[in-house]
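Read off the chains here:
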Amino acid sequence: MDTELLRLIENIIRTGTVAEIDEETWCVRVRSGELVTNWLRWNTQRAGAFKIWVPPVIGEQVLFACLGGNPETAFIVGSIYSDNHPAPGSTLQEVVMTAPDGARFHYDADASALAVTGIKTAHITASVSVTLETPVVECTDHLKTRTFELLEGGTMKGDVTHSDGRLSSNGITVHTHVHGGVESGGSKTQGPQ
């Protein structure tokens, strides 16, 4: 077989590691043996009406294809797990996404459980509403809201402090109501007014 033809065939699919990144043009240079590619666009799962941005890192192992075996026509096909960047999951029944700051998104289909950990803040903006449809929503620490509406009753435990407004119960404003028929001794007062 012709040596040049064999070289071209061997170059059709190659592996390498990301050597340089240009985040403004979404390109990387890949080192594969002695070869360092030109700037190549990194791949993504979607780049149309729906878009996904998950940039690569230096040292990430990638698979790239060269049209006709020519590295000058190369494009990245995808990433490959490696010893330096191992798989974040371990079963066929989970979806796992991790970030460099330690954040982790994990869905376990066997347990039907979603866990998002390692984040400092979460922000959801919705122009109409957000609905949590579940028997229990538990907040383990401080819950703060500008206003609320309790539709079907409930209970409160512990000390509650109220200030800067009216607190009303069944038409009676708690801090301004008075009791009629007050007498000293063991008599009881009339109901609040």
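Everything quoted here is computed from the prediction, not taken from an experiment.

A.B. asks: Please give an account of the UniProt feature "domain: Gp5/Type VI secretion system Vgr protein OB-fold" (unreviewed entry) in the chain that cites residues and values.
C.D. replies: Here, the residues flagged by UniProt with the feature "domain: Gp5/Type VI secretion system Vgr protein OB-fold" (unreviewed entry) are residues 14-81. For the annotated span residues 14-81, helix accounts for 0% and strand for 47% of the residues, and the straight-line distance between the end C-alpha atoms is 15 Å.

A.B. asks: Residue-level account of the nonpolar core, with values.
C.D. replies: Listed in full, the ten residues of the largest apolar core are Val18, Val28, Val30, Leu40, Trp42, Val62, Phe64, Cys66, Ala74 and Ile76. Elements with a minimum of two residues in this core: strand S2 (27-32), strand S5 (61-66) and strand S6 (74-80). The biggest single contributor to this core is S5, with three residues.

A.B. asks: Describe in detail the domain arrangement of the chain, supporting the description with residues and values.
C.D. replies: It is common to give the size of an interface as the accessible area lost on bringing the parts into contact. Domains assigned within the chain are domain 1 (3-79) and domain 2 (87-122). For domain 1 and domain 2, the distance between their C-alpha centres works out to 27 Å.

A.B. asks: Please provide a residue-by-residue account of the UniProt feature "domain: Phage spike trimer" (unreviewed entry) in the chain, values included.
C.D. replies: The feature "domain: Phage spike trimer" (unreviewed entry), as given by UniProt, occupies residues 118-170 in the numbering adopted here. End-to-end, the C-alpha atoms of residues 118-170 are 45 Å apart, and along that stretch the chain is 0% helix and 4% strand.

A.B. asks: I'd like to hear about the sheet that holds strand S9 (residues 113-117), residue by residue, with values.
C.D. replies: A sheet is described by the order of its strands in space; here three strands give the open sequence S7-S8-S9, paired in antiparallel fashion. What marks the edges here is a single partner per strand, and that holds for strand S7 (94-98) and S9. Direction aside, neighbouring strands of the sheet carry axes that sit 5° apart on average. Direction of pairing for strand S8 (residues 104-108) relative to S9: antiparallel, over a ladder of five bridges. For Asp108, the partnering residue across the bridge sits in S9 and is Ala113.

A.B. asks: Please give an account of the state of the cysteines that cites residues and values.
C.D. replies: Any covalent bond linking the sulfur atoms of two cysteines counts as a disulfide. One pass over the structure, following the stated rule, counts zero disulfides. As a non-bridged cysteine, Cys27 has Cys66 as the owner of its nearest cysteine sulfur, 15 Å distant.

Calculation criteria
- Residues numbered from 1 in each chain as written.
- Predicted model: local features only at pLDDT ≥ 70, side-chain atom pairs only at ≥ 80, totals over all residues.
- Heavy atoms only, no water.
- UniProt positions renumbered as here; feature names shortened; annotations may be inferred.
- Helix = DSSP H or I, 4+ residues; strand = E, 2+ residues; numbered from the N terminus.
- Core = buried A, V, L, I, M, F, W, Y, C linked by side-chain atoms within 4.5 Å.
- Buried < 20%, exposed > 50% of the residue type's maximum accessible area, 1.4 Å probe, protein only.
- Domains from an automatic or database assignment.
- Pairing = 2+ DSSP bridges.
- Axes fitted to C-alpha atoms, helices over the stretch in contact; angles between N-to-C directions.
- Disulfide = S-S within 2.5 Å.

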